[in-house]
Every structure is written in C-alpha cells, then in structure tokens.
Amino acid sequence: MTYIKATSVLPEELVKEIQKYIQGETIYIPKPGKTYKQWGTLSGERKRIDERNNSLKEAYRSGISMEQLAKEYYLSIETVKKIIYTK
C-alpha cells in the first residue's frame, strides 16, 4: 500500500472537513465495490485452484479415495472433504 499526502490530491475544503474527525493519522479509503476484483483473478491463481478442485472432485467420483487424493494433491483430508462437498 502506498501513502499519498491528502493535500496533494484533495481539495483544501475537504482536507479541512476531514481534519475535524482525524488529524495526523493514517486513514484507509477503500475502492468502490464495483472495482474490487476477486482474490487471484489478476495472477491467474484463482483459475488454477478452481481447475485443481474440479480435477479433484472428478477423481473422487471415479473412485479414488480421499486419503489418496490428499497425498496426491498435498492437502489434508479435511481440505479434500471441503473441496469435494462444496458445489
């Protein structure tokens, strides 16, 4: 996270109004909900995990045990259960 000096980007009147509530502190201003991206979408990690989970579910349906899947995918049995039983 980068820090930007408020006086360099906000109108003076707005800075004065904000100073009524907070002074000399760091404040986080979140992005609007519409611009928020789901975790891993930019890096492709979300897609990779979804593909892994689908592959794991298919393997379970074809008869491979949870214990074997846990070893093969380097996951705990509890994690395998969560993946298999989610929609």
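Just above, that's the structure.
Every chain's residues receive numbers from 1 upward, in the order its sequence appears when written. Two thresholds apply to this predicted model, a pLDDT of at least 70 for residue-level local features and 80 or more for giving and counting side-chain atom pairs, whereas whole-chain, interface and lining totals are computed over all residues. Just so you know, side-chain values use all the structure's heavy atoms and leave hydrogens and water out.

## Structural notes on the nonpolar core
Nonpolar side chains in soluble globular proteins tend to end up buried together. Grouping buried Ala, Val, Leu, Ile, Met, Phe, Trp, Tyr and Cys residues that are joined through side-chain atoms within 4.5 Å yields what is termed a nonpolar core. Three exposure classes are used, based on accessible area relative to the maximum for each residue type with a 1.4 Å probe and protein chains only: buried under 20%, partly exposed in between, and exposed over 50%. By size, the foremost hydrophobic cluster in this structure holds ten residues: Leu56, Ala59, Met66, Leu69, Ala70, Tyr73, Leu75, Val80, Ile83 and Ile84. Strands here mean DSSP runs of E at least two residues long; helices mean DSSP runs of H or I at least four residues long; both are numbered from the N terminus. Listed by contribution, the elements that provide at least two residues to this core are α3 (45-61), α4 (66-73) and α5 (77-85). Looking at this core element by element, the count peaks at four residues for α4. Contacts are residue-level and defined by heavy atoms, with any inter-residue pair within 4.5 Å sufficient. Once residues within four sequence positions are removed from consideration, alanine 59 is found in contact with Ile64 and Leu69.

## Here we look at unusual backbone geometry
Where the residue is not glycine, phi is negative for most of them; where a peptide bond is considered, it is trans in most cases. The backbone phi angle of tyrosine 74 is positive, close to 55°, even though this residue is not glycine. Residue tyrosine 74 is classed as exposed on the basis of its relative accessible area of 75%.

## Here's the deal with the pattern of salt bridges
Between Lys or Arg on one side and Asp or Glu on the other, a salt bridge is scored when a side-chain nitrogen of the former is within 4 Å of a carboxyl oxygen of the latter. Inspection of every chain in the model, using the stated rule, returns six salt bridges. The salt bridge involving lysine 16 is made with glutamate 12; its shortest N-O contact spans 3.2 Å. Taken together, the positions of lysine 16 and glutamate 12, both in helix α2 (residues 12-19) and four residues apart, correspond to about one turn of that helix. Its salt-bridge partner being aspartate 50, residue arginine 46 comes within 3.2 Å of it at the nearest N-O pair. Linking arginine 46 with aspartate 50, this pair stays in helix α3, spanning four residues, or about one helical turn. For arginine 46, a relative accessible area of 22% translates into the label partly exposed.

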